[in-house]
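Summary of structural features
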Amino acid sequence: MLDFYGTTLANGFMLGTAQYPSPAILADAFRRSGASVATVSLRRESGQDRAGQDFWQMIRALDVHILPNTAGCHSVKEAVTTAHMAREVFDTKWIKLEVIGEEDTLQPDVFGLVEATRILTEDGFQVFPYTTEDLVVADRLLHAGCEVLMPWGAPIGSGLGLNNLFGLRAMRAHFPDVPLVIDAGLGLPSQAAQAMELGFDAVLLNTAVAKAGDPAAMAEAFATAIRAGQLAAAADPMEPRDMAAPSTPVIGKAFLS
Amino acid sequence: MKLQLNGAMIETQAVMLDGLLQEQGFTGAKIATAVNGEFVPAALRAAQSLNDGDRIEVLAPMQGG
């Protein structure tokens, strides 16, 4: 399932555009990743250097779907206003809604998130909420109008992978028809593969690629892992068991002792 | 009048938001604007008057995760 608010994506790779060593390396990483979505943000522009304009030209040339975020917003009002500004600049209804509630972990303020979601959905936005794996919150977000959920794997930029496997597995089982994206915390391609193997529809990451020694190579590694995980999930993995079960048939084995 | 543009105090001759943006080098730029914390859509900039001490935010596309 790669349908997000009626838009079908070519793959489950959403890649951030921040922290790359250079614009050329960013563009190269996107080419090697084949990512179908790029996350972007809004910041203060200077009338003298107009840095944002050059960045925008480069991002447009990537020819991917644009998902603006409300990163750094700590209140509902800030997030809603930023979303409106993003919709005008990027000309998209999509918004990656972040309402940050805690500085050390950048954990979402889920109460503010639900409130902001309701306001934005009523105003025609298509909200991609950065949330936790809490099922009650997820249900409130769906009732507020979300058609996608984006639980964190681990704190943003931590690279810790999937911190709460039980919670994420429960989320997948509880909402079998809702597109689910792991957003934040991934550090290695194997973790992205694991997310896809759990049945998640996509992963969104940034730091793991941008801060790698070779971002473009890491982008390709993630793309390969995401594809592998997706194939594995579709192939219906075997059930794990506690005790060994010989894979080589014992019938016909020679008696040699 | 004096007002804050992206956090910096400036002196301007402009009395409307669209005039301020032209004066400050934003002509033709891909930007979004807010006055005193409230979003002002592009279509309304010409009708948005400015007052002494106003806080103007001019935002543009930037890298994000």
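Check the entry above for the structure.
The structure displayed is predicted, hence computed values, not measured ones.

Rules and cut-offs
- Residues numbered from 1 in each chain as written.
- Chains lettered and ligands numbered in written order.
- Predicted model: local features only at pLDDT ≥ 70, side-chain atom pairs only at ≥ 80, totals over all residues.
- Heavy atoms only, no water.
- Helix = DSSP H or I, 4+ residues; strand = E, 2+ residues; numbered from the N terminus.
- Rg over C-alpha atoms; globule rule 2.2 N^0.38 Å.
- Buried < 20%, exposed > 50% of the residue type's maximum accessible area, 1.4 Å probe, protein only.
- Contact = heavy atoms within 4.5 Å.
- Areas by Shrake-Rupley, 256 points an atom, 1.4 Å probe, with all protein chains shown as cover.
- Lys, Arg positive; Asp, Glu negative; His and termini not counted.
- Charge placed at Lys NZ, Arg CZ, Asp CG, Glu CD.
- Phe/Tyr/Trp six-rings, centres within 6.5 Å; stacked < 30°, edge-to-face > 60°.
- Arc of directions from axis to C-beta.
- Core = buried A, V, L, I, M, F, W, Y, C linked by side-chain atoms within 4.5 Å.

1. Describing the overall build of chain A
A count of helical and extended segments in chain A gives nine helices and 10 strands. A compact globule built from 257 residues would reach a C-alpha radius of gyration of about 18 Å, and chain A, at 20 Å, matches this within 12%. Projected onto its principal axes, the C-alpha coordinates of chain A cover approximately 85 × 40 × 35 Å. Taking all 257 residues of chain A together, 51% fall into the buried category. In chain A, of all internal contacts separated by at least 6 residues, the share reaching a separation of at least 24 is 65%. Accessible surface, chain A: about 12200 Å² in total, of which carbon and sulfur atoms supply 54%. Averaging the positions of the 18 positive and the 30 negative side-chain charges in chain A gives two centres separated by 3 Å.

2. Details of the packing of aromatic side chains
Residues and elements named next belong to chain A. Using the criterion set out here, one finds five aromatic pairs over all chains in the structure. A ring pair is formed by F4 and F128, whose centres lie 6.1 Å apart and whose planes are at 25°; its orientation type is stacked. Of this pair, F4 sits in strand β1 (residues 3-4) while F128 sits in strand β7 (residues 126-131), and the two are 124 residues apart along the sequence. Accessibility classification places F4 together with F128 in one group, the buried group. Summarising the aromatic geometry, the rings of W56 and F90 are spaced 5.3 Å apart at their centres and angled 65° between planes, so their arrangement reads as edge-to-face.

3. A few points about helix α6 (residues 165-174) of chain A
Residues and elements named next belong to chain A. For α6, the complete set of buried residues consists of G167, L168, M171 and R172. Projected onto a plane normal to the axis of α6, the buried residues spread over an arc of 135° and lie on a single side. For α6, the exposed residues lying more than 90 degrees away from the buried face are F166 and A173. Of the surrounding secondary structure, the elements contacted by the buried residues of α6 are α5 (135-143), β8 (150-151) and β9 (181-183).

4. Considerations on the nonpolar core
Ranked by size, the top nonpolar core spans 80 residues in total, and within it F4(A), M14(A), I59(A), F128(A), V203(A) and L205(A) carry the most contacts. Looking at this core, the element that brings in the most residues is helix α3 (residues 76-90) of chain A, giving eight residues. For V203(A), the contacting residues outside a window of four places in its chain are G12(A), F13(A), M14(A), V181(A), I182(A), L186(A), A192(A), A195(A), M196(A) and I226(A). Membership of the second largest hydrophobic core comes to 16 residues, among which are A14(B), L20(B), L21(B) and V40(B).

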